[in-house]
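Chains, contacts and geometry: an overview
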Amino acid sequence: MTTMLQILRERSWLLLCLIAALTACSGNGGPLVTQTLDTRTGVTVLRATAPLILYSDNSAYAAHARDFVYLGPVEINTMGVRSHFLWLGIWSTIRDDERLSTNRDGFESVVLFVDGEPLPLEIAGWTLDAIGVSEPVYVKPVASAAEAYYHVTLDQVRLLATAQRIDLRVGTAWPRTYELWDQQGAARAALEEFARRGFD
């Protein structure tokens, strides 16, 4: 004989399965790119909602020490004139007072490797003024992160969006290499959508 408790358990289980199935079918449901108006400067800003994450193992300092770079595309539309940039959020699990150099060291010379092909990046600057906005485009991964902006073309962003492998090399005297952290499905989808929505 079936008890009331068993019936409730079965129905709860069915309800949980139904919710899980609906969630899986719907995806995250949020936008992959966002467009905002910077009211102080009058420019329109298009960006991906999730940046890519790259890392460099730094086990010489500590067992789990890593340097991270968050990378996201930005389009600035100034009365129909569009400029494209890559935003880099640069940070480390190593405290600044333990480092031999600061987070910015080497980031004046950055080369992206897109499926093995080098793509040197020209720095636009370290501040919001460098891209003509008054508010942050991306949320810094940690408060102590340094931010940098690099000039790119939309075609370069499109290459990045279709790449199987993305690596980043910074510095010339003591270069450091960063590689993608895991698969990052949401960030890759956002980058692809940005590449589709951006204008030349």
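Above: the structure in question.
Attention in this report is confined to the structure presented alongside it. (Residues numbered from 1 in each chain as written. Predicted model: local features only at pLDDT ≥ 70, side-chain atom pairs only at ≥ 80, totals over all residues. Heavy atoms only, no water.)

Our next topic: the overall build of the protein. Of the regular secondary structure elements, the protein holds 3 helices and 10 strands. Reading the protein from its N terminus to its C terminus gives the helix and strand order α-β-β-β-β-β-β-β-β-α-β-β-α. A burial count over the protein gives 38% of its 200 residues as buried. Across the protein, every contact between residues at least 6 apart in sequence was considered, and the portion connecting residues at least 24 apart equals 65%. Accessible surface, the protein as shown: approximately 11800 Å² in total, 56% of it carbon and sulfur. (Helix = DSSP H or I, 4+ residues; strand = E, 2+ residues; numbered from the N terminus. Buried < 20%, exposed > 50% of the residue type's maximum accessible area, 1.4 Å probe, protein only. Contact = heavy atoms within 4.5 Å. Areas by Shrake-Rupley, 256 points an atom, 1.4 Å probe, with all protein chains shown as cover.)

Summed over all chains, the structure comprises 4 salt bridges. The salt bridge involving Arg82 is made with Glu75; its shortest N-O contact spans 3.6 Å. Residues Asp155 and Arg158 are paired through a salt bridge, measuring 3.4 Å at the closest nitrogen-oxygen approach. With Asp155 and Arg158 both in helix H2 (residues 154-162) and 3 residues apart, this pair spans about one turn of that helix. Residue Arg158 is classed as partly exposed on the basis of its relative accessible area of 29%. (Salt bridge = Lys/Arg side-chain N within 4 Å of Asp/Glu carboxyl O.)

Glancing now at the environment of Gly132. Tracing the sequence through the fold places Gly132 in the loop between strand S7 (117-125) and strand S8 (146-152). With residues up to four places along the chain from it excluded, the contact list for Gly132 reads Thr41 and Val43.

Let us look at the nonpolar core. Leu88, Phe107, Leu112 and Leu168 are the most contacted members of the largest nonpolar core, which has 33 residues in total. Once you skip the residues sitting within four places of it in the chain, Leu112 turns out to touch Leu71, Leu86, Glu117, Pro118, Leu119, Leu121, Leu160, Ile166, Asp167 and Leu168. Ala48, Phe68, Val74 and Tyr138 belong to the second largest nonpolar core, which has 18 residues in total. (Core = buried A, V, L, I, M, F, W, Y, C linked by side-chain atoms within 4.5 Å.)

A full pass over the atoms with the stated rule returns 5 aromatic pairs. One residue, Arg47, lies across the ring of Tyr138, its end atom 5.3 Å from the ring centre. (Phe/Tyr/Trp six-rings, centres within 6.5 Å; stacked < 30°, edge-to-face > 60°. Lys NZ or Arg CZ within 6 Å of the ring centre and 35° of its normal.)

Here we take up the pairing of strand S9 (residues 166-170). The buried count for S9 comes to 4 of 5 residues, which makes it a mostly enclosed element. Inspection of the sheet shows strand S6 (residues 110-114) paired to S9 by 5 bridges, in the antiparallel sense. The residue bridging Val110 from the neighbouring strand is Val170, located in S9. Strand direction decides the pairing type here: S9 and strand S10 (residues 176-180), joined by 4 bridges, are antiparallel. (Pairing = 2+ DSSP bridges.)

Everything listed here is a matter of geometry and, on its own, says nothing about what the molecule does.
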